[in-house]
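Residues per chain are reported as follows:
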Amino acid sequence: MIWAATAVAAPTIVFCLVLGPSQVSRPRIKAVLPTSSPARILRSPAPPLVFDELLIHHGLHLSTNVAVPLRLVADSALDARRRISSWLARSGSESISFTQPYVYVCRDLRTLHTVRRHHEIAAFGIEQNHSFESEGTFTPRGGYYAQLGIIALVAGRNQDLRLDIVHEMTHVVLEKYFGVLEDVIDEGLAEVLSPWILFTESTSPRQTPITNINHANQCSTTLADGQLPNLRTLFLLDYWQFRDKQSDNLYFALSWSLVDFLLRTDDPRFANLFPKFLNRARSLGSAWRALAEVYDIRTLWSAWHNHLVEFSQLHWHTKWGQWYMLGDRIVGSLRTPGLAMCIYQQSLEPPFDVSFRLPRGLTSRQSAGCVLGHGLDAYYAVQIRFGGREINLSQYRGGQWAGNHPAIQIDSGVTLSDRSIVVRCKPSGEILVSLSGEVLARFLAAPDSLSGRTGLIMELRQEDDQEFSRGDVLFESVRIKRLQ
Ligand SMILES: [Zn+2]
């Protein structure tokens, strides 16, 4: 997963560490912690918070202060455990029972590593031959350490950990179900199932088509370069090859697309085989052997290849942030305060309309809107800020914000939530922002500067108080229409 911190900063790479199962016993945590437990060894300055038996240690560094959103984080984790377990159980297995992992939220994984060294613990879940020092190119964001039953997450103040913890909790459930599982299926399932948990309430991931736009774009580029690996190569990648920084998360993207295809395809040759594949992977202890047994590998690769070709026809390309398509809805998601932007590939000349429906429950820290005249190094952004109840037009040019037009206040009687917004761009440079036919704001942009690409933009703003916002904004019924 790739997340943008700000409009101009390089994206932060998200990795996760998943190690094999272990014989280490994991005592069930109640009130009293056994002396040998990792929880005792890694004492945090703040007492752990217990959410329905999920124990979260937080504040392992003073700059980490995420106490407010931890309830949301825990809810997401417990929801993931419940729904993924019951989905797997319906795939033909008995119900899964397992103890909860300890969850540690800290400034960075090095903090945990340091604690490990101080306490001379022989194995902390980092592979024996690798350390943070020797793996200078590897920047883990967090991980599930099966050997110790730990989920460790990295978080700064007020960061949104829901995608991270749902991803890692998927690994917890999969490890209990399968034991050791090849990264392709383990990471692929974690990437496919996490947006299903967070953005839908359906009981099966097959019911809801979800496209991870970031991954789809990357798969499409790989295909255009003629570098799609064969399936055997993909399954044979070792732990570090899979996470090689040079690949820029390519194997996470390919794994997502393969699992997404196996799970959701309607192709009659493969449509009902996925539950059987999962069952065989479990009993054989090898996803590769199960794949070769249940599918015809050559036909599967060819069908998967054709499925990837569809991504090259995707109209939306991500610029910053994490974006998903759920049917005709588009979700932008941010882990930290900053901008997320998704660009429509079609280039437009005014006059044209960009319309979309705003979600319910936008908070004062969020804004949502559209991008106009996106070129190589310039664009306008129309943003509706819920906090100040205002509409902004700002221009980005030459690597920086070139200036804001005076914000237009929205009358307190106007409801914005769950309403359709139309942004109309005229050849004169005039921009009209309307709600149900009523013009709320009128701006004048530089003539000709609205030509180019359009897109969606959302912002999560940094504030000093403790208010916590979900990072994501949902755009419904997005339409971009050229006018005569
Ligand atoms: Zn992972």
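Residues numbered from 1 in each chain as written. Predicted model: local features only at pLDDT ≥ 70, side-chain atom pairs only at ≥ 80, totals over all residues.

## Some words on the overall build of the chain
Part 1 of the argument: Helix and strand counts for the chain stand at twelve helices and 24 strands.
Part 2 of the argument: Residues counted as buried form 43% of the 484 residues belonging to the chain.
Part 3 of the argument: In the chain, once contacts between residues fewer than 6 apart in sequence are set aside, the share between residues at least 24 apart is 67%. (Helix = DSSP H or I, 4+ residues; strand = E, 2+ residues; numbered from the N terminus. Buried ≥ 20, exposed ≤ 12 C-beta atoms within 10 Å, placed from the backbone. Contact = placed C-beta atoms within 7 Å.)

## Quick word on the packing of helix 6 (residues 213-224) against helix 12 (residues 297-311)
Part 1 of the argument: Relative orientation of the contacting elements helix 6 and helix 12 amounts to 115°, with a least axis distance of 8 Å. Taken together, the axes of helix 6 and helix 12 are roughly perpendicular relative to one another. As helix 6 runs across helix 12, the sense of the crossing is left-handed. Residue-level contacts link A216, C219, S220 and L223 of helix 6 to L308, V309 and F311 of helix 12.
Part 2 of the argument: Split by residue class, the contact of helix 6 with helix 12 holds six nonpolar, one polar and no charged. (Axes fitted to C-alpha atoms, helices over the stretch in contact; angles between N-to-C directions. Parallel < 35°, antiparallel > 145°, perpendicular 65-115°, else oblique. Left-handed = near helix turned anticlockwise from the far one by under 90°. Nonpolar A, V, L, I, M, F, W, Y, C, P; charged D, E, K, R; others polar.)

## Considering the environment of D160
Part 1 of the argument: Locating D160 in the fold gives a position in the loop between strand 8 (150-154) and helix 4 (162-178).
Part 2 of the argument: Not counting residues within four places of it along the chain, the set of residues in contact with D160 comprises P69, R335, R470 and G471.

## What about the nonpolar core?
Part 1 of the argument: L153 and V382 are the most contacted members of the largest nonpolar core, which totals 118 residues.
Part 2 of the argument: Top element by residues in this core is helix 9 (residues 250-264). It accounts for ten residues.
Part 3 of the argument: Residue contacts for L153: discarding those within four places in its chain leaves V103, Y104, V105, G142, L161, D164 and I165. (Core = buried A, V, L, I, M, F, W, Y, C linked by C-beta atoms within 7 Å.)

## Concerning the packing of helix 10 (residues 274-284) against helix 11 (residues 287-294)
Part 1 of the argument: The geometry of helix 10 relative to helix 11 is characterised by a closest axis approach of 8 Å and an angle of 135° between their N-to-C directions. As far as their axial angle goes, helix 11 and helix 10 are oblique. Once helix 10 is placed against helix 11, the crossing between them reads as right-handed. In contact with K276, F277, R280, A281 and L284 of helix 10, helix 11 contributes A287, R289, A290, L291, E293 and V294.
Part 2 of the argument: Its residues assigned to classes, the contact of helix 10 with helix 11 comprises seven nonpolar, no polar and four charged.

## Concerning helix 2 (residues 70-90)
Part 1 of the argument: Taking 1.5 Å per residue as the helical rise, helix 2 with its 21 residues ought to reach 30 Å, and the 30 Å between its terminal C-alpha atoms agrees with that figure.
Part 2 of the argument: Of the positions making up helix 2, those classed as buried are L70, V73, A74, S76, A77, A80, R81, R83, I84 and L88.
Part 3 of the argument: The inward-facing, buried residues of helix 2 abut strand 4 (49-51), strand 5 (54-57), helix 4 and helix 5 (183-199). (Expected span 1.5 Å × (residues − 1).)

## Quick look at the environment of H305
Part 1 of the argument: Relative to the helices and strands, H305 resides in helix 12.
Part 2 of the argument: Exposure remark for H305: the 13 C-beta atoms within 10 Å place this residue in the partly exposed category.

## So, the sheet that holds strand 21 (residues 430-435)
Part 1 of the argument: Pairing is antiparallel across the open sheet formed by eight strands, whose spatial order is 9-11-12-24-14-20-21-22. Both outer strands of the open sheet, strand 9 (210-212) and strand 22 (438-444), are each paired with one neighbouring strand and no more. Strand-to-strand twist of the sheet, defined as the mean angle between neighbouring strand axes without regard to direction, takes the value 25°.
Part 2 of the argument: Taken together, the five bridges between strand 11 (residues 322-326) and strand 12 (residues 329-333) define a ladder with antiparallel strand orientation. Each residue of the ladder has a partner; that of W323, found in strand 12, is G332.
Part 3 of the argument: Across the sheet, helix 5 lies against strand 9, strand 11 and strand 12, angled at about 120° from strand 9, the strand it touches most. (Pairing = 2+ DSSP bridges.)

## Here we look at unusual backbone geometry
The phi torsion of most residues other than glycine is negative, and most of the peptide bonds are trans.
Part 1 of the argument: Looking along the chain, the bond that leaves P350 and enters P351 is cis, with omega of 10°.
Part 2 of the argument: Relative to the elements of secondary structure, P351 occurs in the loop between strand 13 (338-348) and strand 14 (352-357).
Part 3 of the argument: With a phi close to 45°, R389 is a non-glycine residue in the positive phi region.
Part 4 of the argument: For R389, the location among the structural elements is in the loop between strand 16 (378-385) and strand 17 (390-397).
Part 5 of the argument: We note that S477 has phi near 45°; this positive angle belongs to a residue other than glycine.
Part 6 of the argument: Within the fold, S477 resides in strand 24 (residues 473-482).
Part 7 of the argument: Take S477: there are 11 C-beta atoms within 10 Å of it, and that puts it in the exposed class.

## A closer look at the pairing of strand 12
Part 1 of the argument: Counting buried positions along strand 12 yields four of five residues, so the element is predominantly enclosed.
Part 2 of the argument: Here strand 11 hands over to strand 12 after two residues, with G327 in that stretch at a positive phi of 60°.
Part 3 of the argument: As defined by bridge partners, strand 12 adjoins strand 24 across three bridges and the pair is classed as antiparallel. Its bridge partner lying in strand 24, G332 is registered against V473.

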